[in-house]
Amino acid sequence: MSSKIVPAITRRGFLKSAALISAGFAISGPHISKSSAKTTTQVRLKAGQASVRLAPEPAGETAVWCYNGSVPGPEIRVRQGDRLQVIVDNALDEQTTVHWHGVRVPNGMDGVPDLTQPPIEPGGEFLYEFDAVDAGTFWYHPHQRGFEQVGRGLYGPLIIEEREPLQVDREVTWVLDDWRLTPSAAISDDFGNAHDISHSGRIGNSVTINGRVPDRFTVHKGERIRLRLINAANARIFGLDFQNHEPIVVALDGQPVTPHAPDRGLIVLGPAMRADVVLDMKGEANQSTTVIDRFYKDLEYRLVDLAYSNQPLRSQPPDWPLELPANPIPEPDLNNAIRHRVVFNGGMMGGMVMQEMGGSMGDSSPTGMMGGMGSMMGGMHSGNIWFINGVAAEGHILEPMLTLEQNRSHVIAMTNATAWHHPIHFHGHSFRVISRNGTPTTHREWQDTVLMAPKERVDIALVADNPGDWMFHCHILEHMAGGMMGVIRVA
Ligand code: C2O
Ligand code: CU
């Protein structure tokens, strides 16, 4: 890539751009008001159409839907404990909302149309306002017809900085996306087709980092980089292999985790998932290393090259601490937790998997599962072919599938009775992933989106401390459109 992969916007750079984008605000001067101890950052996001360069020349530009004319939208950066106010203008031809993925906001700020707010009409606006309670890597995107709105480019990073950030030489955000482009680099308009819905979702043919098909990313010998990875794709799961570079994972879905080398050396990110990794540049000046995405068997490809400049920064990467301070999330008490079961089924070949799993699940299958089989057959015709506890969702107003008693600990045992991967997201909370197929996880990581393999059982635990009706859904946006969505009430 001749231009560069956009490096992390510096704090100063952001403030400048924040000032630019909030030019429409009635307040003059710097848009940081220090009323009490709390700083409030104001941002203006305009959802609309634009033309951007995703693919290198000689391909043309691509008509997209995006925020403030760019893909991704502006990187919003605030400090933990600060308050964020975002005015969203809707310049699209259809309704929209903005959801702050992974941020523990009050229910009314969660951006779910009809459930938590009326959708923003074309020409309308909505003010979102909440405290940045957890530091970490988050992102924002619409929750209205996400399979098309996100798929056309509506998303952006939201970074909440620790009060004392990790010491590194450089902080970089990579927002990954996957596009289905025609030969002239237009977005293929087959959004929400039946095949994508019933299989692995809308997998594209062009992967971008920060809105550009990448070529090379310049690094320096001895440099330490904090790389914030965000998967904004509708459906593509990434499995990044940095080869002879050994990334250390320090946070998942924004939440600190014991620093560790990833399993089998692969950083796996389902749609909506994030990882913060510390990358030490151990190579030599003028060398280069290819980052390979090898998630899908036999479909690996070169994502980008880490290209060493001829100017070493130092002879060895530094030896600075890697631990991030924990966020203020209440710890679930497993001994006194209330237990719940959730089963996902449907999709192509779903019946087969259920038969195979029948033996082990037997009579313990929760109510509705067999009902799911029945309605699945009916659902096949209406396009709703994914089920949670036997129900396929239509729209966002739903009877709660579960009610979690507020301020109690809960364990949700989730079973993926399908032939497909699903990144399962719960709004308004982070949860600990405590076991997979009955085996305790090594890091008991906090996540807001957990990737479940076909036939896998994953147990999660949380304190339900945020009251309201919250979405619970697969983040493969075509699966969500095909019914894989429900509401969990905290009351
Ligand atoms: Cu990132 Cu309900 O979504
Ligand atoms: Cu799914």
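Conventions adopted
Residues numbered from 1 in each chain as written. Chains lettered and ligands numbered in written order. Predicted model: local features only at pLDDT ≥ 70, side-chain atom pairs only at ≥ 80, totals over all residues. Heavy atoms only, no water. Helix = DSSP H or I, 4+ residues; strand = E, 2+ residues; numbered from the N terminus. Buried < 20%, exposed > 50% of the residue type's maximum accessible area, 1.4 Å probe, protein only. Contact = heavy atoms within 4.5 Å. Areas by Shrake-Rupley, 256 points an atom, 1.4 Å probe, with all protein chains shown as cover. Pairing = 2+ DSSP bridges. Axes fitted to C-alpha atoms, helices over the stretch in contact; angles between N-to-C directions. Salt bridge = Lys/Arg side-chain N within 4 Å of Asp/Glu carboxyl O. Phe/Tyr/Trp six-rings, centres within 6.5 Å; stacked < 30°, edge-to-face > 60°. Lys NZ or Arg CZ within 6 Å of the ring centre and 35° of its normal. pLDDT = per-residue confidence, 0-100. Polar contact = N/O pair within 3.5 Å; in protein donor to acceptor, adjacent residues only side chain to side chain. Donors = N, O, S within 2.8 Å, 3.2 Å for Na, K, Ca; no water.

**Things to note about the overall build of the chain**
- The helix and strand tally for the chain stands at six helices and 32 strands.
- Taken across its 491 residues, the chain has 61% of its residues classed as buried.
- Counted over contacts in the chain with a minimum sequence separation of 6, partners at least 24 positions apart contribute 77%.
- Entry remark: accessible area of the chain is about 19,000 Å², with carbon and sulfur atoms responsible for 52%.

**Digging into the sheet that holds strand β19 (residues 288-293)**
- Taken in spatial order, the five strands make up an open sheet running β12-β20-β19-β14-β17, and their pairing is mixed. On the outer flanks of this sheet lie β12 (216-219) and β17 (266-269), each paired with one strand and no other. Along the sheet, successive strands turn relative to each other by an average axial angle of 25°, direction set aside.
- Where strand β14 (residues 238-241) lies against β19, two bridges are found, and the strand directions are antiparallel. Bridge pairing in β19 places Leu-240 opposite Asp-293.

**Some points on the sheet that holds strand β18 (residues 274-280)**
- Spatially, six strands are ordered β11-β10-β13-β18-β15-β16 in an open sheet, and the strand pairing comes out mixed. Every other strand in the sheet has two partners, leaving β11 (206-209) and β16 (255-260) as the edge strands with one partner each. Direction aside, the axes of adjacent strands within the sheet are offset by 25° on average.
- Bridging between strand β15 (residues 248-252) and β16 involves three bridges; their strand directions are antiparallel. Note that in β16 the partner of Ala-251 across the bridge is Pro-256.

**Examining the pattern of salt bridges**
- Scanning the model with the defined rule gives 41 salt bridges in all.
- Among the salt bridges present, the one from Glu-75 reaches Arg-77, with a minimum N-O distance of 2.7 Å. A single burial state applies to Glu-75 and to Arg-77, both of which are buried.
- Several salt bridges converge on common partners, so that one network encompasses Glu-75, Arg-77, Arg-79, Glu-161, Glu-162, Glu-171, Arg-226, Arg-228 and Asp-276.

**Remarks on the packing of aromatic side chains**
- Under the counting rule described, the total for this entry stands at nine aromatic pairs.
- Pairwise contacts between aromatic rings join Tyr-67, Trp-100, Phe-126, Tyr-128, Phe-130 and Tyr-140 into one cluster.
- Sitting over the ring of Trp-65, Arg-152 keeps its end group 4.9 Å from the ring centre.
- One cation-aromatic arrangement involves Arg-202 over Phe-191; the distance from NZ or CZ to the ring centre is 3.8 Å.

**Structural notes on the confidence of the model for the chain**
- When pLDDT is averaged along the chain, the result is 89, and 86% of the positions lie at 70 or above.
- In this model, residues 1-35 is a region of pLDDT below 50 whose contacts with residues beyond four sequence positions or in other chains number 56 contacts.
- A low-confidence stretch, residues 359-382 (pLDDT under 50), is modelled with 26 contacts involving residues beyond four sequence positions or located in other chains.

**Some remarks on the side chain of His-101**
- If you trace the backbone, His-101 turns up in strand β6 (residues 99-101).
- Polar side-chain contacts of His-101 include one of 2.9 Å to the side chain of Asp-448.
- In this view, His-101 contacts Phe-138, Trp-139, His-141, Ala-272, Arg-274, His-425, Asp-448, Thr-449 and His-475; residues no more than four positions away in its chain are not counted.

**Side note on the side chain of Lys-221**
- Structurally, Lys-221 is set in the loop between β12 and β13 (224-231).
- At a separation of 3.3 Å, a polar atom in the side chain of Lys-221 contacts the main-chain carbonyl oxygen of Ser-315.
- Lys-221 has contacts with Met-281, Gly-283, Glu-284, Ala-285, Tyr-308, Pro-312, Leu-313, Arg-314 and Ser-315, leaving out every residue within four places of it along the chain.

**Concerning unusual backbone geometry**
- Cis peptide bonds are those with omega within 30 degrees of zero, and the linkage from Glu-57 to Pro-58 qualifies with 10°.
- Here Pro-58 is to be found in the loop between β2 (39-52) and β3 (62-67).
- Of note, the bond from Val-71 into Pro-72 is cis; its omega dihedral lies within 30 degrees of zero at -10°.
- For Asn-210, which is not glycine, the phi torsion reads 50° and is therefore positive.
- Exposure remark for Asn-210: the relative accessible area of 9% places this residue in the buried category.
- The residue Arg-444 is not glycine, and still its phi comes out positive at about 45°.

**Things to note about the coordination of the copper ion (ligand 2)**
- Ligation of the copper ion (ligand 2) by protein atoms is provided by His-422 (ND1), Cys-474 (SG) and His-479 (ND1), these donors lying 2.0 to 2.1 Å from the ion.
- Along the chain, the residues donating to the copper ion (ligand 2) fall in the pattern H-x51-C-x4-H.
- Residue classification places Cys-474 among the buried residues on the basis of a relative accessible area of 0%.

**Thoughts on the environment of Ala-135**
- Checked against the element boundaries, Ala-135 lands in the loop between β7 (125-131) and β8 (136-141).
- What makes Ala-135 buried here is its relative accessible area of 3%.
- Counting along the chain gives 189 residues from Ala-135 to Leu-324, while the straight-line C-alpha distance between them is 9.6 Å.
- Once residues within four sequence positions are removed from consideration, Ala-135 is found in contact with Gln-80, Ile-160, Glu-161, Glu-162, Gly-254 and Asn-327.

**Remarks on the pairing of strand β21 (residues 338-346)**
- Here seven bridges tie β21 to strand β24 (residues 409-416), and the two strands are oriented parallel to one another. Bridge pairing links Phe-344 to Asn-416 in β24.
- Both β21 and strand β22 (residues 386-388) contribute to a ladder of three bridges, which runs antiparallel. Within β22, the residue paired with Asn-345 across the bridge is Phe-387.

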